[in-house]
Amino acid sequence: VQLVESGGGLVQPGNSLRLSCTASGRTFRNYAMGWFRQAPGKEREFVAVSWKNGGITYYADSVKGRFTISRDSAKNTVYLHMNSLNVGDTAVYFCVADSTIITSQARNSGAYDYWGQGTQVTVSS
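Chemist: Please provide a residue-by-residue account of the side chain of T90, values included.
Modeler: Structurally, the position occupied by T90 is in the loop between β8 (77-82) and β9 (91-98). Reaching out from T90, the side chain makes a polar contact with the backbone oxygen of V87 at a distance of 3.1 Å. One polar contact links the side chain of T90 to the main-chain amide nitrogen of V123, over a distance of 2.9 Å.

Chemist: Describe the packing of aromatic side chains, listing the residues and the values that go with them.
Modeler: Under the counting rule described, the total for this entry stands at seven aromatic pairs. Ring geometry for F28 and Y31: centres 4.4 Å apart, planes at 45 degrees, overall tilted. The residues F28 and Y31 share a single accessibility class, namely buried. Ring plane angle 70 degrees and centroid distance 5.5 Å describe the contact between F36 and Y112, whose orientation is recorded as edge-to-face. Remark: Y112 occurs in the loop between β9 and β10 (114-115) and F36 occurs in strand β4 (residues 32-38); sequence separation between them is 76 residues. Residue class for F36 comes out buried when judged on its relative accessible area of 1%. Take Y112: its relative accessible area is 4%, and that puts it in the buried class. Positioned above the aromatic ring of F94 is the side chain of R44, whose terminal nitrogen or guanidinium carbon lies 4.2 Å from the ring centre.

Calculation rules
- Residues numbered from 1 in each chain as written.
- Predicted model: local features only at pLDDT ≥ 70, side-chain atom pairs only at ≥ 80, totals over all residues.
- Heavy atoms only, no water.
- Helix = DSSP H or I, 4+ residues; strand = E, 2+ residues; numbered from the N terminus.
- Polar contact = N/O pair within 3.5 Å; in protein donor to acceptor, adjacent residues only side chain to side chain.
- Phe/Tyr/Trp six-rings, centres within 6.5 Å; stacked < 30°, edge-to-face > 60°.
- Buried < 20%, exposed > 50% of the residue type's maximum accessible area, 1.4 Å probe, protein only.
- Lys NZ or Arg CZ within 6 Å of the ring centre and 35° of its normal.

Structure, rendered in structure tokens:
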């Protein structure tokens, strides 16, 4: 099972970016798929998750209203649309997936079995 992220880069404050994560090795329709991030010197933090079959989404308070998670089950891909980016969003963004996680664990990084390698997002003027 592999998760491969793409779409990171350098962007100015106020601009937008879209991250993609494509899963391979099995069908992820029944997996929760989401994103965590880790800034230098900080702990890894929850960003957003699309629940199994994409019916429910959860967001961190810090990104609610600015970020949108979506998924294309036919492509085994989850997206993170990031708008109104600020310097506080600078981090390595990791894609995650899990099939057995329950909703109360959605924001717990230890609950996810599968992780991508990460993609760097830098917000700077």
